[in-house]
Amino acid sequence: MGNILEVRDKLKFLYIKNEVFLLPVLKFMLAFTSICIVSGRLGYMAKVDNLGLILIASLMCSFLPIGCVVFFSAIFSLLHLYALSLEAAAVVFALYLIIFLIFFRFGTKDSLLLLFTAILASMKIPYIVPIVAGLITGPMSVIPIACGLVVYYLLANISRNAAAIHAMGEEEAVAKVRMVLDSLLGNDELLVMIIAFAVTVFVVYILRRMSIDYSWTIAMIAGAIVNLMILLIGDLILDTEFGFFGAFLGTILALLCAKLVEFFKFCVDYNRIEKVQFEDDEYYYYVKAIPKMNVAKQRKTVKKINSQKSGGAYNKQPAARVETERTGPRNNYYRERTSAPKSVTIGHSTMEYEDDEFETLD
Amino acid sequence: MIKKERVILMTKLASYEENEGRHASKISRYFRGDYVSVHLLKSWVCITVVYALLAGLSILYDLETFMENLYKMDYLAFAKELIKWYVIMAVAYLVAVYIAYSYRYMKARKSLKRYSQNLKKLGSMYHR
């Protein structure tokens, strides 16, 4: 466990140290994945379905705010839909506008959740999103998740019916609009998914905030079970076409991801819970403190004490070197050792010491 | 001499100024009523556009029936129905916006108060 925690700390440190470079790279990867999925699924406009163009757009996204990834993905999808049918593009544009005006005026932070939902849904593993969102965000994340599902089902159904839409003539514009809207209005699968994900987010959020041991683990497992149950019940009642086996595997993957998130965000040691009670003028406090699992950094202190020159003559005797190595917390482990110096300092008295961050010479 | 406590506090303050503080100071320029009113006004425009889009899409969805009944329908009743749904939708949305922005304003004020307390604390550290 100690080694894993050490790796975690190293990864965190590496991210913090290189955040300036890593963040654009991550944004680039997200934008590239998102636009590639859109182009792969739709890909009706040959001019836009071009790797060079996708790379340029992704590069632009890497230096722009995260909301731009959603914006560029939406633009690419609209261009492809325009090549398929003007009516389909107009309906999808209207729906994008509705989503933007109603929900995303409040903040662009949620757009990331929308994007992840749509991307993971296209990879057939959207079950990760509600569990992880319940763990790290609040119940309001239901809105971007629902929007992400709407966008995914809308585009997936248009892609499925593309041949039929393409075959329709210009005089059947209303039929095209109806076909696009039907993919949302009469879609029981979408309805079941939105209900299941919303309930899962609430369950996970409520349980993980409770003052119980292993609350995060309980929350994610309960969320996964609730999610599967609702999908199953929805499948039985509305006769949707869920692959239950796929949903089950997806949920297991979601649990693994949630565990990974817990490891990075909420790694605590329940064996060392401390319960304290105190009071002030106004309140009694019953506090439960759970220590975080951390690996104490190895701190090495080297003290080199050289003997002073005496009577004008240089002392060429090897100086005694005391090397103190301290590992872990102060009171846990303490070791001292004495060894011969690696270098001989001739001249005035020298004191040299160092730790992980500073090196000082006096 | 570097004081660890002071450096930590300064880092916290600088981080707040760079991120959350920038947003909070913008909000704090307004009175609560003005801030919420401006956003209610913007939201009213948005919900009107959204309603127009939804109404347009629903008419387009069933355009044939709509065209068939165009000359037979009771326009007053149709307008009443449209307005009724518009009012219901707008009121529901604006109530949600009112709650969201009031909460946001309160949160910003609270964080600014904490920020100024920390600034005072930092100042007192220099005068020790």
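Heads up: the structure comes first, above all this text.
The following paragraphs examine the structure supplied in this document.

A few words on the interface of chain A and chain B. Taken residue by residue, the interface counts 12 residues in chain A and 11 residues in chain B. Those elements that provide at least two residues to the side of chain A that touches chain B are helix H5 (86–102) and helix H10 (173–185) of chain A. Grouping the amino acids of the side of chain A that touches chain B by side-chain chemistry returns 10 nonpolar, no polar and two charged.

This part takes up the environment of Asn18(A). Here Asn18(A) is to be found in the loop between helix H1 (2–17) and helix H2 (19–41). Each C-alpha atom of the pair Asn18(A) and Ala258(A) lies 25 Å from the other, and the pair is 240 residues apart in sequence.

Residues and elements named next belong to chain A. Counting buried residues along strand E1 (residues 274–279), only zero of its six residues qualify, which leaves the element largely exposed. Examined bridge by bridge, E1 and strand E2 (residues 284–289) share six bridges and lie antiparallel to one another. Looking across to E2, one finds that Val276 is bridged to Val287. Two successive antiparallel strands, E1 and E2, enclose a turn made up of four residues.

Residue and element names in this part refer to chain A. Put simply, helix H7 (residues 128–136) and helix H12 (residues 215–238) touch, their axes get as near as 10 Å, and they point 145 degrees apart. The handedness of the crossing between H7 and H12 is right-handed. Judged by residue contacts, Pro130, Ile131, Gly134 and Leu135 of H7 engage Trp216, Ala219, Met220, Gly223, Ala224 and Asn227 from H12.

Looking now at the environment of Ala121(A). All names here are of chain A. By the secondary structure assignment, Ala121 is in helix H6 (residues 111–122). Each C-alpha atom of the pair Ala121 and Val177 lies 24 Å from the other, and the pair is 56 residues apart in sequence. Discounting residues that sit within four places of it in the chain, Ala121 has contacts with Pro126, Gly148, Leu149 and Tyr152.

Conventions we followed
Residues numbered from 1 in each chain as written. Chains lettered and ligands numbered in written order. Predicted model: local features only at pLDDT ≥ 70, side-chain atom pairs only at ≥ 80, totals over all residues. Contact = placed C-beta atoms within 7 Å. Helix = DSSP H or I, 4+ residues; strand = E, 2+ residues; numbered from the N terminus. Nonpolar A, V, L, I, M, F, W, Y, C, P; charged D, E, K, R; others polar. Buried ≥ 20, exposed ≤ 12 C-beta atoms within 10 Å, placed from the backbone. Pairing = 2+ DSSP bridges. Axes fitted to C-alpha atoms, helices over the stretch in contact; angles between N-to-C directions. Left-handed = near helix turned anticlockwise from the far one by under 90°.

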